[in-house]
Amino acid sequence: VLNSLRIDPMRTWKGAWRWYNEQNLACCFGPERVRAEGLSFDMFCSLARCNGAEVAARGAPMAEEDIAAFIADFREAVRTVSRS
């Protein structure tokens, strides 16, 4: 995801290429821990922040009556970030 968002890792990958891979995401926890335990949503957000992404995390609602408002907010967020 970070590569597709064009966030520069500021670290070389191979030769002059700068690209995210498992090894240079180890700011908060290493790839071994992720392989062993998996990656929670909070861990994903933390890794993104550590690597320069602006994160506005929102979880899906637990209550049925909150779903319509959540969907409307989600669609508005998508429209906002996809405008050029």
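**Remarks on the overall build of the protein**
1) Next: A tally of regular secondary structure across the protein gives three helices and zero strands.
2) Next: Tracing the protein from N to C terminus, the helices and strands come up as α-α-α.
3) Next: Relative to its 84 residues, the protein shows a buried fraction of 17%.
4) Next: Considering only contacts within the protein whose residues lie at least 6 apart along the sequence, 19% involve residues at least 24 apart.

**Looking at a nonpolar patch on the surface**
1) Next: A cluster of nonpolar side chains, contributed by L39, F41 and F44, occupies part of the molecular surface with about 290 Å² of accessible area.
2) Next: Looking at the element boundaries, F44 is found in helix α2 (residues 41-50).

**Considerations on α2**
1) Next: Taken together, the buried positions of α2 are occupied by M43, C45, L47 and A48.
2) Next: Of the residues trailing α2, G52 is marked for its positive phi of about 95°.

**What about the pattern of salt bridges?**
1) Next: With the rule as written, the count across this model stands at two salt bridges.
2) Next: With a shortest N-O distance of 3.2 Å, R33 and E37 are connected by a salt bridge. Of this pair, R33 and E37 both sit in helix α1 (residues 31-37), four residues apart, which is roughly one turn of the helix.
3) Next: You can call R33 partly exposed: its relative accessible area is 38%.

Reading guide: rules and limits
- All residue numbers refer to positions counted from 1 along the written sequence of the respective chain.
- Residue-level local features of this predicted model are given only where pLDDT is at least 70; pairs of side-chain atoms are given and counted only at 80 or more, and the full residue set underlies all totals for whole chains, interfaces and linings.
- Side-chain calculation: all heavy atoms of the structure are included, whereas hydrogens and water are not.
- To qualify as a helix, a DSSP run of H or I must reach at least 4 residues; to qualify as a strand, a run of E must reach at least 2; elements of each kind are numbered from the N terminus.
- Exposure is judged per residue with a 1.4 Å probe applied to protein chains only, and the accessible area is read against the type maximum: over 50% gives exposed, under 20% gives buried, and values in between give partly exposed.
- Contacts between residues were defined by any pair of non-hydrogen atoms, one from each residue, lying within 4.5 Å.
- The patches described consist of residues with a relative accessible area above 30% and no salt bridge, like charges being joined within 9 Å and nonpolar side chains (Val, Leu, Ile, Met, Phe, Trp, Tyr) within 5 Å.
- Residue exposure ignores everything except the shown protein chains as possible cover, and the areas themselves are Shrake-Rupley values with a 1.4 Å probe.
- One side-chain nitrogen of Lys or Arg within 4 Å of one carboxyl oxygen of Asp or Glu is enough to make a salt bridge.

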